[in-house]
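Commentary on secondary and tertiary structure
Residue-level listing of the chains:
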Amino acid sequence: MRLARATDSLRGWTETVDALYHAVGDEAAFSEALGQLRVHFEAQRVSILRIPDLHRTEAVQLAACDVPAEMFLDYQTHYVAHDVWIEAASRRQLVRTGAVLRGSALVSKEELQRSRFWREYLRRYDQADMLAGVLEAPERGGGALTLVTFMRGIEPGPFSLEGERRLTELLPELQRVIRLHAELARIVAIGTTLSALYRDLGFPLGFVDAEGRLVHANCSAIVELDAGLLLRRGASGSIERYTPSGWRSVAELFGLLKRDPSVEVLIASPHGPAAVLGLRDCHLGPSELAGPTAPDAAAMLTLRPLHLRTDAHHLMRHFGLTPREIELAHGLDAGLSPEQLAGRHGLSIHTVRTHLAALLEKTNCTRQVEAVAKLKGRARSEGSSVA
């Protein structure tokens, strides 16, 4: 159902708002009730984020529905500094209590897709537009910033003016219930902090100094370093990455960070699944995530699984694949047959089979399902030259 056919006033979501009040103080129930609001905005995700003090970077996610932990952490530790929507809203002085911000109204599609924020963050998490309400904005003397944000993928298209109007109507009610929930959060210690996510995150994340030595790491990073398949501690203390020509210090990549605030390279070892090693400027350091005793760091280090769509450039470079071969591999991963791929892309079945044969040869696989698994980092990789 389109937004225009949704309920015309607050009466349409009375039950949902009531559910939020009933769930106050219960983090899981509150997030579930918040998630029920998505249908009124045709949203994929929703979250409520509170930053108690803008001079301190620790944020609290008071509630969220279908927002992966790594997406929240990725944003707060790096991509908040590249958020073109918030930059545009700040330039126009729109970040004030009661304001409603619509991403597609702040930044054109063309400008968005030219940004690092789109290329490296939004596409990775299938987010194309946002609709945010400012529940609480800091005054000149300081204070907290609290936002409720609805998120959409490419489908069903950008949020509309109607959606903006609906959130404007809903915002006063949300302000009251969130204020109550935030007050209780202090008592019952609810809300997910960045430091808790950092500790429990399911993929390796850590900080290294200018020599590539480990400053601090979460549990997943320690396990990865102890396994020594893709990353390991070198004799000099520097963290080393596997390459076909031998183990190399991650500090060798720091020169790239002088030109670019984030660098990613593919690591493919014959002893385990391939993954993407990322190095980023530290907008949020280990002292915020790991406690005040952690020293400063030169860069943040991550090691994440491959994603067939958003990591296509890594796969093309590593395996020598063409854009068409990547496109067809993505179709195979979606369960399409060669005949269906031919129809979808307007190709002959002979051309499709030729591309698939080249895909198998370049990935050194004998079966299509094996090739797709290797491209997604689930199979052992033969290893070839990487940056």
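About the criteria used
Residues numbered from 1 in each chain as written. Predicted model: local features only at pLDDT ≥ 70, side-chain atom pairs only at ≥ 80, totals over all residues. Heavy atoms only, no water. Helix = DSSP H or I, 4+ residues; strand = E, 2+ residues; numbered from the N terminus. Buried < 20%, exposed > 50% of the residue type's maximum accessible area, 1.4 Å probe, protein only. Contact = heavy atoms within 4.5 Å. Areas by Shrake-Rupley, 256 points an atom, 1.4 Å probe, with all protein chains shown as cover. Pairing = 2+ DSSP bridges. Axes fitted to C-alpha atoms, helices over the stretch in contact; angles between N-to-C directions. pLDDT = per-residue confidence, 0-100. Phe/Tyr/Trp six-rings, centres within 6.5 Å; stacked < 30°, edge-to-face > 60°. Lys NZ or Arg CZ within 6 Å of the ring centre and 35° of its normal. Arc of directions from axis to C-beta. Salt bridge = Lys/Arg side-chain N within 4 Å of Asp/Glu carboxyl O.

Bringing the overall build of the protein into the picture now. From N to C terminus, the protein includes 18 helices and 14 strands. Here the protein holds 387 residues, and the buried ones make up 52% of them. Pairs at least 24 apart in sequence give 62% of the contacts found in the protein among residues at least 6 apart. Put simply, the protein shows about 18,200 Å² of open surface, and 51% of that area lies on carbon and sulfur atoms.

Strand β13 (residues 275-280) sits mainly inside the fold: six of its six residues count as buried. Burial along β13 is two-sided: A275, L277 and L279 and V276, G278 and R280, pointing in opposite directions, are all buried. The pairing of strand β12 (residues 262-267) with β13 spans six bridges and is classified as antiparallel. Along β13, the bridge assignment pairs V263 with L279.

Now for the sheet that holds strand β10 (residues 239-243). Read across the sheet, three strands follow the order β9-β10-β11 without closing on themselves; strand pairing throughout is antiparallel. Each edge of the open sheet carries a strand with a single partner, namely β9 (231-233) and β11 (246-249). Each adjacent strand pair in this sheet contributes to an overall mean axis angle of 40 degrees, direction not counted. Two strands pair when backbone bridges link them, and β9 and β10 are joined in this way by three bridges, in the antiparallel orientation. Opposite R233, over in β10, you have I239 as the bridge partner. Across the sheet, helix α11 (residues 219-227) lies against β9 and β10, angled at about 80 degrees from β9, the strand it touches most.

Confidence along the protein averages 80 in pLDDT terms, with 81% of residues attaining 70 or more. Confidence scores differ between elements of the protein, with strand β6 (residues 192-193) showing the lowest mean pLDDT of 51 and strand β3 (residues 100-102) the highest of 95. Note on residues 187-191: pLDDT under 50 across the span, and 10 contacts to partners over four residues away in sequence or across chains. In the predicted structure, residues 379-387 sits below a pLDDT of 50 and forms 32 contacts with residues beyond four places in sequence or in another chain.

Next up on the list: the sheet that holds strand β8 (residues 214-217). Taken in spatial order, the five strands make up an open sheet running β8-β7-β14-β13-β12, and their pairing is antiparallel. Edge positions in the sheet fall to β8 and β12, since each has one partner strand and no second. When strand polarity is set aside, the average angle formed by the axes of neighbouring strands in this sheet is 25 degrees. As defined by bridge partners, strand β7 (residues 205-208) adjoins strand β14 (residues 299-305) across four bridges and the pair is classed as antiparallel. Across the sheet, the residue bridging to G206 is L301, located in β14. Most of the contacts of α11 go to β8, to which it runs at about 120 degrees, and overall it touches β7, β8 and β14.

This part covers the packing of aromatic side chains. The description of two aromatic rings rests on the distance between their centres and on the angle between their planes. If you walk through the whole model with that rule in mind, you get eight aromatic pairs. For the ring pair W85 and F117, a centre distance of 5.7 Å and an interplane angle of 90 degrees mean the geometry is edge-to-face. Residue W85 is located in helix α5 (residues 84-91), and its partner F117 is located in helix α8 (residues 116-122); the two are separated by 32 residues in the primary sequence. The two residues W85 and F117 agree in class, both being buried. Ring pairing ties together the aromatic residues Y75, Y79, W85, F117, Y121 and Y125, which thus form one cluster. One cation-aromatic arrangement involves R152 over F159; the distance from NZ or CZ to the ring centre is 4.2 Å.

Let us now look at helix α14 (residues 312-319). Those residues of α14 not exposed but buried are A312, H314, L315, H318 and F319. End-on, the buried residues of α14 take up no more than an arc of 160 degrees, which puts them together on one face. Once α14 finishes, G320 follows within two positions and takes phi at roughly 75 degrees, a positive value.

What follows is about the pattern of salt bridges. Inspection of the entire model under this criterion finds 19 salt bridges. For D226, the salt bridge is made with R233, and the minimal N-O distance between the two is 3.3 Å. Looking at D226, the relative accessible area reads 57%, which means it is exposed. Here R233 falls in the partly exposed class, since its relative accessible area comes to 41%.

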